[in-house]
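Now for the letters of each chain:
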Amino acid sequence: MSIDINQIIKEKLRKAIEVNLKGDNLIALDIGSGTGILAYQLFHTNKFRSICGVELIPKEGLVNEESKSHTLFYQASEGHESLKRYVEFDNYHKIDLYNFYCEYVKAELKNKPLIKEEFENVFQFTFDTEFRDYSNDELFDLIILSRVLHYNSKKEQIKIIKYAIDKLNNGGVIFIVNRPGLKNGIDLKNILEPISNRFRGVNYNDKFREHYFYTLVKIE
Ligand SMILES: C[S@@+](CC[C@H](N)C(=O)[O-])C[C@H]1O[C@@H](n2cnc3c(N)ncnc32)[C@H](O)[C@@H]1O
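Cut-offs applied
Residues numbered from 1 in each chain as written. Predicted model: local features only at pLDDT ≥ 70, side-chain atom pairs only at ≥ 80, totals over all residues. Heavy atoms only, no water. Near = heavy atom within 4 Å. Polar contact = N/O pair within 3.5 Å; in protein donor to acceptor, adjacent residues only side chain to side chain. Areas by Shrake-Rupley, 256 points an atom, 1.4 Å probe, with all protein chains shown as cover. Nonpolar A, V, L, I, M, F, W, Y, C, P; charged D, E, K, R; others polar. Core = buried A, V, L, I, M, F, W, Y, C linked by side-chain atoms within 4.5 Å. Buried < 20%, exposed > 50% of the residue type's maximum accessible area, 1.4 Å probe, protein only. Helix = DSSP H or I, 4+ residues; strand = E, 2+ residues; numbered from the N terminus. Contact = heavy atoms within 4.5 Å. Pairing = 2+ DSSP bridges. Phe/Tyr/Trp six-rings, centres within 6.5 Å; stacked < 30°, edge-to-face > 60°. Lys NZ or Arg CZ within 6 Å of the ring centre and 35° of its normal.

Engineer: How should the site of the ligand be read in this particular structure?
Structural biologist: By nearness alone, 15 residues border the ligand, and G32, E55, S146, R147 and N152 come closest of all. Taking E130, its side chain carries an N or O atom lying 3.4 Å from a nitrogen atom of the ligand. Contacts to the ligand include R147, whose side-chain N or O atom sits 2.9 Å from an oxygen atom. In isolation the ligand offers 600 Å² of accessible surface; the protein chains occlude 93% of this area. A per-class count over the shell around the ligand returns 8 nonpolar, 4 polar and 3 charged.

Here it is as structure tokens:
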């Protein structure tokens, strides 16, 4: 059976939370949240009360009428056949974010989905918004930057990381999945080392195929 990258990312994220974050009333920010699969996983750990997401593309852009096989829903269902079938065929035109969430939670997390009102309370997704234009006064316990940085210019990537560190509670965690091999990809070691006094030791060699994983814990 082939190992899919979604599973690896989710497992690394689960570990980063388990090892570094105590308590059960936490708040997270998912930058480049896409269909929200990482946010859904977080909530169903029972540790988070609220999860914000910011996503560049508009909500209706999650379904791409012209290119069914490249919808973000389709990508998010990689590695899960029943979910993939749901996204691919008859239901294709009917999918909305809440429906997808319900299917995802049942199929992938083997859990009971929240009712719609609770879903809207817990998951505060902002679509059609560049991270640099997103404003939120809260400090977060966890900030996720998964497969997002390389979409931005090199200069912007550095700004995003510094901003994320500023928006973190002491003891909070930034979880990054970086793809240095892609166009605009950068080697984060050069960026993180000069600011390493702001967080606890980080493993620069945690890698699966072309994905590098970083868990930064902000120093209290
Ligand atoms: C490959 S997807 C990853 C989705 C999710 N984070 C994951 O790992 O499953 C990257 C997403 O980040 C979004 N994105 C990239 N740069 C962004 C920015 N500056 N602000 C908001 N969203 C951004 C893209 O639109 C895309 O949906």
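More follows now that the structure is in view.
Engineer: Please explain the nonpolar core as it appears in this structure.
Structural biologist: Across soluble globular proteins, nonpolar side chains have a tendency to be buried as a group. Core analysis: the biggest nonpolar cluster contains 47 residues, and F100, F123 and L142 have the highest contact counts within it. The element best represented in this core is helix α5 (residues 97-107), accounting for 8 residues. Aside from chain neighbours lying at most four places away, what touches F123 is A39, Y40, F43, I51, Y101 and L114. Counting residues in each nonpolar core, the second largest holds 29 residues, with F140, A164, I165 and I186 among its members.

Engineer: It is not clear to me how the pairing of strand β8 (residues 211-218) should be interpreted in this structure. Could you clarify?
Structural biologist: Within β8, 6 of the 8 residues are buried, leaving the element largely enclosed by the surrounding structure. Inspection of the sheet shows strand β5 (residues 168-178) paired to β8 by 6 bridges, in the antiparallel sense. Across the sheet, residue I176 finds its bridge partner in β8, namely Y214. As defined by bridge partners, strand β6 (residues 199-200) adjoins β8 across 2 bridges and the pair is classed as antiparallel. Each bridged residue has a counterpart across the sheet, and for F199 the counterpart in β8 is K218. For strand β7 (residues 207-208) and β8, the ladder comprises 2 bridges, and the chain directions are antiparallel. Paired with F208 across the bridge in β8 is H211. Taking the residues that link successive antiparallel strands as the turn, the β7-β8 hairpin has 2 residues, and the phi of R209 there is positive, at about 45 degrees.

Engineer: Even after reading the chapter, I still don't get the packing of aromatic side chains, so can you show me in this structure?
Structural biologist: Two aromatic rings, taken as a pair, are described by how far apart their centres are and by the angle between their planes. Using the criterion set out here, one finds 17 aromatic pairs in the structure. Centroid distance Y40 to F119: 6.2 Å. Interplanar angle 45 degrees. Geometry classified as tilted. Taken together, the positions of Y40 in helix α2 (residues 37-43) and F119 in helix α6 (residues 116-122) put the pair 79 residues apart, joining distant regions of the chain. The two residues Y40 and F119 agree in class, both being buried. On the basis of an interplanar angle of 75 degrees and a centroid distance of 5.8 Å, the ring pair of F43 and F123 is categorised as edge-to-face. Here F43 is found in helix α2, whereas its partner F123 is found in strand β3 (residues 123-126), with 80 residues between them in sequence. Each member of the pair, F43 as well as F123, is classed as buried. Taken together, the ring pairs connect Y40, F43, Y98, F100, Y101, Y104, F119, F123, F125 and F127 into an aromatic cluster. It is K12 that lies over the ring of F213; its NZ or CZ is 5.1 Å from the centre. If you follow K189 out to its NZ or CZ, it ends over the ring of Y204, 5.5 Å from the centre.

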